[in-house]
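Residues per chain, in single letters:
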Amino acid sequence: MPRLSNQAGEKGSILPDGDLEFVRACQKGDLNAFDVLVVRHQRKMFNVAYRMLGNYDDAADVTQEAFVAAYKAIGTFKTEAKFSTWLYSITVNHAKNRLKQTRGRKEHERLSPAETENLELESCPRSDENPYAIMEQKEKDALVHQCIASLDDEYREVLILRDIQGLSYEEIRGILNIPEGTVKSRLARAREALKNGLLKVFGDL
Amino acid sequence: MKKCKDIEKLLPLYPNDLRSPDEAEMIRRHLASCAACAEKSAALEKTKKLVSDLGELAPPPRLRQKIMAAVREEAAKKSVWEKLFYPLRVKIPVQIAAALVVAVFALYVYRTGEDTLQKAASPPAPVVQKRQEFFLPQPSETSPKDSLSQNNRKIPSPASLPEGKRSAAAETAEVFGKQTEGGSHPELLAHQPAAEGRVSSKSEVKREESAPALDAVSKTQRPMDLSGRAQKPDILLGVADLERSAADVEKILVRLGARNIVRRTTGGEILIFAEMKKQDMKDLMARLKLIGRVEVNESFVGRTGGDISVAVGIFRE
């Protein structure tokens, strides 16, 4: 099995070339190599799914489905591409499908602030010495999350991929399979719409 | 200088997502001189910061285990498929070789079948050979010595034999004559051809007898039990005197111009095969009825064509 080139699970620590050797090992049937890829990418995929779906359990299900789908199709993965981009596209597609299903069943509900508060946010800036500040930050995050969830699907996915996940336009274009110009125009509208939504919620930014 | 409306469209992409640095510079200048646009730009910057500050959620603690359990399950299904087709470098040549073997075998079977069809479509073989193929040997009541003396005994036409030797055909002619004199079946002579006693080379009578080794097989069988097999006699003739009736049948066939007449003695019954014209069948049936009890196989009744082969099974009643 290839040696890990970076610490799995650390935010922003995934080296693009580091995935390929595990992907190749996985294509030869090495399940441990796929396990490494899961460890590396599960967090990001889960968060994309969560921001798109707004539901923690659905996000977990979709993340699992996406990884299984990726494993099944790993033989078709072209090593010239970036594995994480390919995995993002699978996750986004599964999340979209789940949205359609949940909306069809009229079960899709946006997270309430209370629900969001109960979830542990690990990377947000907060002061551990001030519980009030932590609570304030959580409330603010919940409202932002609600505003994001209220965006149209096509705006929301671009915003999540660009402003939350920090992906490049090239990556987003590959994931969503749309031209770069469309990505930019959707992003501009998404930001404008989100700004207006946040102004309504907060009154002043 | 661009108007505020145009700037506002670009503000959400300012400063890093614009098309060119020139655009960014142009907006920067505008924002320096336009308070309203600067305020909107500030709100957008704060929005971006709020979004980017959103914390990452930790996935469920056992998500990795769940994913890998599902993946292993999938791998188990996949491995069955892989056993058949992977690794490609090994399996594909083997599969191609196997496919070639199957193709060659199929071709061989096809060609063999084609030959068989061609044989079936070709003109019929002489009745003697045909019947030997189709009739299974029947137990013989005669001794091995008798069998040797009778087996495959050919009865050529009298003209083809040296003078003084008695051929089966001559015997037949003599017997026929005696029968006529003795009046055993005088009616048989009613349709005797003008060239009486003359037997053409085509009307040779062959005699065959089955191997004695098979005696035990069907001694318990009724003489015409062989009719129950695929090779049924066309006509069954129940008589009191087997040998004499067989000779009479041969004579009738000769008189009706039948060809390739073959007699076969099989354990208590005699089979006589011949080729003859369809229109003579009526006469044949009428004469056979004078010799004994006649039964006609159903499949024989519907047989068509100018020349037909006929098998007369004679058994003792």
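Everything below is about the structure shown above.
Since we're looking at a predicted model, the values are computed, not measured.

Trainee: Could you give an account of the packing of helix 9 (residues 242–255) of chain B against helix 10 (residues 281–291) of chain B, naming the residues involved and the relevant values?
Mentor: Residue and element names in this part refer to chain B. Closest axis-to-axis distance for the helix 9/helix 10 pair is 11 Å, and the angle between their directions is 160 degrees. Compared by their axis directions, helix 9 and helix 10 come out roughly antiparallel. The interaxial crossing formed by helix 9 with helix 10 has right-handed handedness. On helix 10, the residues touching S245, D248, V249, I252, L253 and R255 of helix 9 are L284, R287, L288 and I291. Taken together, the residues of the contact of helix 9 with helix 10 break down into 6 nonpolar, 1 polar and 3 charged.

Trainee: Give a detailed account of the pattern of salt bridges, specifying residues and quantitative values.
Mentor: Oppositely charged side chains are able to pair whenever their charged atoms sit close together. Taken as a whole, this structure holds 25 salt bridges over all chains when the rule is applied. Note that E56 of chain B and R43 of chain A form a salt bridge whose closest N and O atoms lie 3.0 Å from each other. Within this pair, whereas E56 of chain B is found in the loop between helix 3 (35–52) and helix 4 (63–85), its partner R43 of chain A is found in helix 2 (residues 31–53), the two belonging to separate chains. With relative accessibility at 7%, the residue E56 of chain B sits in the buried group. R43 of chain A gets classed as buried once you look at its relative accessible area, which sits at 18%. Between D248 of chain B and K251 of chain B there is a salt bridge whose closest N-O contact spans 3.6 Å. Taken together, the residues span about one helical turn, with D248 of chain B and K251 of chain B both in helix 9 at a distance of 3 residues. On the accessibility criterion, D248 of chain B (0% relative accessible area) is buried. With relative accessibility at 2%, the residue K251 of chain B sits in the buried group. Residues joined in a network through salt bridges with shared partners are D58, D61, E65 and R98 of chain A.

Trainee: Could you give an account of the packing of aromatic side chains, naming the residues involved and the relevant values?
Mentor: Residues and elements named next belong to chain A. Tallying each qualifying case throughout the model produces 7 aromatic pairs over all chains. Consider the rings of F77 and F83, whose centres lie 5.7 Å apart with planes at 85 degrees: the pair is edge-to-face. Like F83, F77 is buried. An aromatic cluster is built from F34, F67 and Y71, whose rings are joined through pairwise contacts. The positively charged end of R162 is found above the aromatic ring belonging to Y169, 4.4 Å away from the centroid.

Trainee: Kindly report on the pairing of strand 7 (residues 307–316) of chain B, identifying the contributing residues and their values.
Mentor: Residue and element names in this part refer to chain B. Burial within strand 7 is extensive, with 8 of its 10 residues counted as buried. Across 5 bridges, the pairing between strand 3 (residues 235–239) and strand 7 is parallel. Bridge pairing in strand 7 links I235 to V312. As judged from the 9 bridges shared by strand 5 (residues 269–277) and strand 7, these two strands associate in the antiparallel manner.

Trainee: Could you give me a rundown of the interface of chain A and chain B, with the residues and numbers involved?
Mentor: Counting from both sides, the interface comprises 48 residues of chain A and, opposite them, 33 residues of chain B. Counting each side, the surface lost to burial between chain A and chain B is near 3,900 Å², with a carbon and sulfur contribution of 65%. Here chain A is connected to chain B by 6 residue pairs in polar contact (both at pLDDT 80 or more). Counting residues per element, the ones that place at least two in the side of chain A that touches chain B are helix 2, helix 3 (56–72), helix 6 (131–149), helix 7 (153–164) and helix 9 (180–202) of chain A. If you tally residues by element for the side of chain A that touches chain B, the top one is helix 2 of chain A, at 13 residues.

Trainee: Please provide a residue-by-residue account of helix 3 of chain A, values included.
Mentor: Residue and element names in this part refer to chain A. Over its 17 residues, helix 3 extends 25 Å from the first C-alpha to the last, a length consistent with the 24 Å expected when each residue adds 1.5 Å. Of all the residues in helix 3, the buried ones are Y56, D58, A59, A60, V62, T63, A66, F67, V68, A70 and Y71. Near the N-terminus of helix 3, the side chain that reaches the backbone nitrogen of D57, with its oxygen 3.0 Å away, is that of N55.

Trainee: I'd like to hear about the environment of R186 of chain A, residue by residue, with values.
Mentor: All names here are of chain A. Relative to the helices and strands, R186 resides in helix 9. Distance in space between the C-alpha atoms of R186 and R156 is 8.9 Å, their sequence separation being 30 residues. Contact partners of R186, with chain neighbours within four places excluded, come to E154, Y155, E157, V158 and I178.

Trainee: Can you tell me about the pairing of strand 5 of chain B, naming the residues and giving the values?
Mentor: All names here are of chain B. Of all 9 residues that make up strand 5, 8 are buried, and the element is covered over most of its length. As judged from the 6 bridges shared by strand 4 (residues 259–266) and strand 5, these two strands associate in the antiparallel manner. Counted as the bridge partner of R264 is L271 from strand 5.

Basis of the calculations
- Residues numbered from 1 in each chain as written.
- Chains lettered and ligands numbered in written order.
- Predicted model: local features only at pLDDT ≥ 70, side-chain atom pairs only at ≥ 80, totals over all residues.
- Heavy atoms only, no water.
- Axes fitted to C-alpha atoms, helices over the stretch in contact; angles between N-to-C directions.
- Helix = DSSP H or I, 4+ residues; strand = E, 2+ residues; numbered from the N terminus.
- Parallel < 35°, antiparallel > 145°, perpendicular 65-115°, else oblique.
- Left-handed = near helix turned anticlockwise from the far one by under 90°.
- Contact = heavy atoms within 4.5 Å.
- Nonpolar A, V, L, I, M, F, W, Y, C, P; charged D, E, K, R; others polar.
- Salt bridge = Lys/Arg side-chain N within 4 Å of Asp/Glu carboxyl O.
- Buried < 20%, exposed > 50% of the residue type's maximum accessible area, 1.4 Å probe, protein only.
- Phe/Tyr/Trp six-rings, centres within 6.5 Å; stacked < 30°, edge-to-face > 60°.
- Lys NZ or Arg CZ within 6 Å of the ring centre and 35° of its normal.
- Pairing = 2+ DSSP bridges.
- Buried area = accessible area lost by both parts, 1.4 Å probe.
- Polar contact = N/O pair within 3.5 Å; in protein donor to acceptor, adjacent residues only side chain to side chain.
- Expected span 1.5 Å × (residues − 1).

That is the geometry; function is a separate question.
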